[in-house]
Amino acid sequence: MKQAMYQCGKQSIKLPSPVYILASASVVGTKEGEGPLGTMFDMVGTDDLFGCATWEEAESTLQKEAVTLALGKAKMKPEELRYIFAGDLLGQAMATSFGLGSFQVPLFGLFGACSTCGESLSLGAMAVAGGFAKQVISVTSSHFASAEKEFRFPLEYGGQRPPSSTWTVTGSGAFVLSDEKKEGVKAGITGISTGCIVDYGIKDSLNMGCTMAPAAAELICQHFKDFGRNPQDYDQIITGDLGSVGQRALLDLLKEKGYDMEGRHMDCGIEIYDGKAQNTGAGGSGCGCSATVLSAYLLEKIHANEWKRILFIPTGALMSKTSYNEGNTVPGIAHGLVIEAL
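Residues numbered from 1 in each chain as written. Predicted model: local features only at pLDDT ≥ 70, side-chain atom pairs only at ≥ 80, totals over all residues. Heavy atoms only, no water.

**So, the pairing of strand E9 (residues 187-194)**
Here is step 1 of the chain: With respect to burial, E9 is a largely interior element, seven of its eight residues being buried.
Here is step 2 of the chain: Examined bridge by bridge, strand E2 (residues 12-28) and E9 share five bridges and lie antiparallel to one another. In the sheet register, Ile-13 faces E9, and the bridge partner there is Ile-192. (Buried < 20%, exposed > 50% of the residue type's maximum accessible area, 1.4 Å probe, protein only. Helix = DSSP H or I, 4+ residues; strand = E, 2+ residues; numbered from the N terminus. Pairing = 2+ DSSP bridges.)

Structure representation (structure tokens):
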């Protein structure tokens, strides 16, 4: 019975009641603090090492601080959580493992590249809606320097970036999800659309916007079919980190499929930086990009009743140093959530 109630079309779930976003928190680095959304973040580091000895340790600190802040806002203790759903970009989920161990809460470690925020929120919402947990927290992070070390050349190499490249966000976002609405809670997750791997054969790892845009386009179209909706049913349709180049590719792909979303689409990677003034290329990317923008900016639009319903779609480029060096393509994936004002 529950299976029939929840499943919606080919790739989606329509939740029988909202999963409430009790609280969220965002922690970012110095460059993000200097950007257009700088005053909206809960915490901005005074330096990107956050007082740590290594970039990886700094990213772990980002996650720990984001979870601590989100729990504080929700007036909760770690032991009140049933699960943590968390991930990052580093090998073996290093930032998550070292950042969240002290909370001693059962952990699902996740990897969806830059789409991990969507994956963690989707799985967290499923666990709550299915009755497997009363309260969970979803958290993701990325760090510019740790990601450059993991995926590209050492910074000291001084390699030039093409205009299509994006800048990995130093940041972490955490979200407390619950089956119970509390006073002051104004947003909830009402639907989920899970993406498939989409590979258009692109091999340019410095043009991740275009590697992820096809996955976003496929997910958006399937979401509309599954829910019987169209772009006009949403105040905004928001991707995670396509940047300006990927956004153009997405809008062109959707137009070919019969959906004109000019003026109704925005991208977290474009919003978080002033591309020209901050020299960030096509925009921002990384697990922390969509997570921090959702917490600091998008949810506030819902809380202020400016938006009633959004489709939030973090996107990911599924690559590693090994796959790139072996000449493989860069497949993409996207995970969508319907977030509504309550």
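**Focus on the packing of aromatic side chains**
Here is step 1 of the chain: In the structure shown here, the tally under the stated rule is six aromatic pairs.
Here is step 2 of the chain: On the basis of an interplanar angle of 35 degrees and a centroid distance of 6.4 Å, the ring pair of Phe-224 and Tyr-234 is categorised as tilted. Placement of Phe-224 in helix H7 (residues 208-227) and of Tyr-234 in the loop between H7 and strand E10 (236-239) is noted, with a sequence separation of ten residues between them. Across this residue pair, the class does not change: Phe-224 and Tyr-234 are buried.
Here is step 3 of the chain: Clustering of aromatic rings is evident, with ring pairs tying together Tyr-83, Phe-85 and Phe-108.
Here is step 4 of the chain: Between the NZ or CZ atom of Lys-31 and the centre of the ring of Trp-167, over which it lies, the distance is 4.6 Å.
Here is step 5 of the chain: Geometry around Tyr-234 places Arg-309 over its ring, the cationic atom sitting 5.7 Å from the centre. (Phe/Tyr/Trp six-rings, centres within 6.5 Å; stacked < 30°, edge-to-face > 60°. Lys NZ or Arg CZ within 6 Å of the ring centre and 35° of its normal.)

**Focus: the state of the cysteines**
Here is step 1 of the chain: Taken as a whole and judged by the stated rule, the model has zero disulfides.
Here is step 2 of the chain: The cysteine Cys-221 is free of any disulfide, with Cys-196 supplying the nearest cysteine sulfur at 13 Å.
Here is step 3 of the chain: Judged by its relative accessible area of 7%, Cys-221 falls in the buried class.
Here is step 4 of the chain: The cysteine Cys-268 is free of any disulfide, with Cys-289 supplying the nearest cysteine sulfur at 5.6 Å. (Disulfide = S-S within 2.5 Å.)

**Examining the packing of helix H5 (residues 116-129) against helix H11 (residues 287-303)**
Here is step 1 of the chain: Between H5 and H11, whose axes approach to 7 Å, the crossing angle comes to 60 degrees. When the axis of H5 is compared with that of H11, the two are oblique. Two secondary-structure elements touch here, H5 through Thr-116, Cys-117 and Leu-121 and H11 through Cys-287, Ser-290, Ala-291 and Leu-294.
Here is step 2 of the chain: Within the contact of H5 with H11, the residues separate by chemical class into five nonpolar, two polar and no charged. (Axes fitted to C-alpha atoms, helices over the stretch in contact; angles between N-to-C directions. Parallel < 35°, antiparallel > 145°, perpendicular 65-115°, else oblique. Contact = heavy atoms within 4.5 Å. Nonpolar A, V, L, I, M, F, W, Y, C, P; charged D, E, K, R; others polar.)

**Remarks on H5**
Here is step 1 of the chain: Here H5 contains 14 residues, and its C-alpha end-to-end distance of 20 Å stays within 8% of the 20 Å for a straight helix at 1.5 Å per residue.
Here is step 2 of the chain: Of the residues one or two after H5, Gly-131 is the one with positive phi, at around 85 degrees. (Expected span 1.5 Å × (residues − 1).)

**As for the nonpolar core**
Here is step 1 of the chain: Residues Leu-121, Leu-177, Ile-189, Leu-298, Phe-312 and Ile-339 are the most contacted members of the largest nonpolar core, which totals 46 residues.
Here is step 2 of the chain: Among the elements that take part in this core, H11 stands out by supplying nine residues, more than any other.
Here is step 3 of the chain: Setting aside residues up to four positions removed in sequence, Phe-312 forms contacts with Cys-117, Leu-121, Ile-238, Cys-268, Ser-290, Leu-294, Leu-298, His-335, Gly-336, Leu-337 and Ile-339.
Here is step 4 of the chain: Residues Met-208, Leu-253, Ala-317 and Met-319 belong to the second largest nonpolar core, which totals 33 residues. (Core = buried A, V, L, I, M, F, W, Y, C linked by side-chain atoms within 4.5 Å.)

**Examining the side chain of Gln-11**
Here is step 1 of the chain: In this structure, Gln-11 sits in the loop between strand E1 (7-8) and E2.
Here is step 2 of the chain: A polar atom in the side chain of Gln-11 sits 2.9 Å from the backbone oxygen of Thr-194. (Polar contact = N/O pair within 3.5 Å; in protein donor to acceptor, adjacent residues only side chain to side chain.)

**Let's talk about the environment of Gly-243**
Here is step 1 of the chain: When you line up the elements, Gly-243 lands in helix H8 (residues 243-256).
Here is step 2 of the chain: Residues Gly-243 and Trp-167, spaced 76 residues apart in sequence, show a C-alpha to C-alpha distance of 9.4 Å.
Here is step 3 of the chain: Setting aside residues no more than four positions away along its own chain, Gly-243 makes contact with Asp-267, Ile-270 and Ala-282.

**Thoughts on the packing of H7 against H8**
Here is step 1 of the chain: Between H7 and H8, the shortest axis-to-axis distance is 8 Å and the interhelical angle comes to 35 degrees. Judged by the twist between their axes, the crossing of H7 over H8 is right-handed. Between H7, through Gly-209, Cys-210, Ala-213, Pro-214, Ala-216, Ala-217, Ile-220 and Cys-221, and H8, the contact on the second element is made entirely by Val-245, Gly-246, Ala-249, Leu-250, Leu-253 and Leu-254.
Here is step 2 of the chain: Across the contact of H7 with H8, the residue classes tally to twelve nonpolar, two polar and no charged. (Left-handed = near helix turned anticlockwise from the far one by under 90°.)

**Structural notes on unusual backbone geometry**
Here is step 1 of the chain: Phi is positive for Ala-113, close to 55 degrees, though the residue is something other than glycine.
Here is step 2 of the chain: Since its relative accessible area comes to 2%, Ala-113 is described here as buried.
Here is step 3 of the chain: Positive phi, normally seen in glycine, also occurs at Asn-279, with a value near 55 degrees.
Here is step 4 of the chain: In this fold, Asn-279 is placed in the loop between helix H10 (275-278) and strand E12 (284-285).
Here is step 5 of the chain: The class for Asn-279 is exposed, based on a relative accessible area of 62%.

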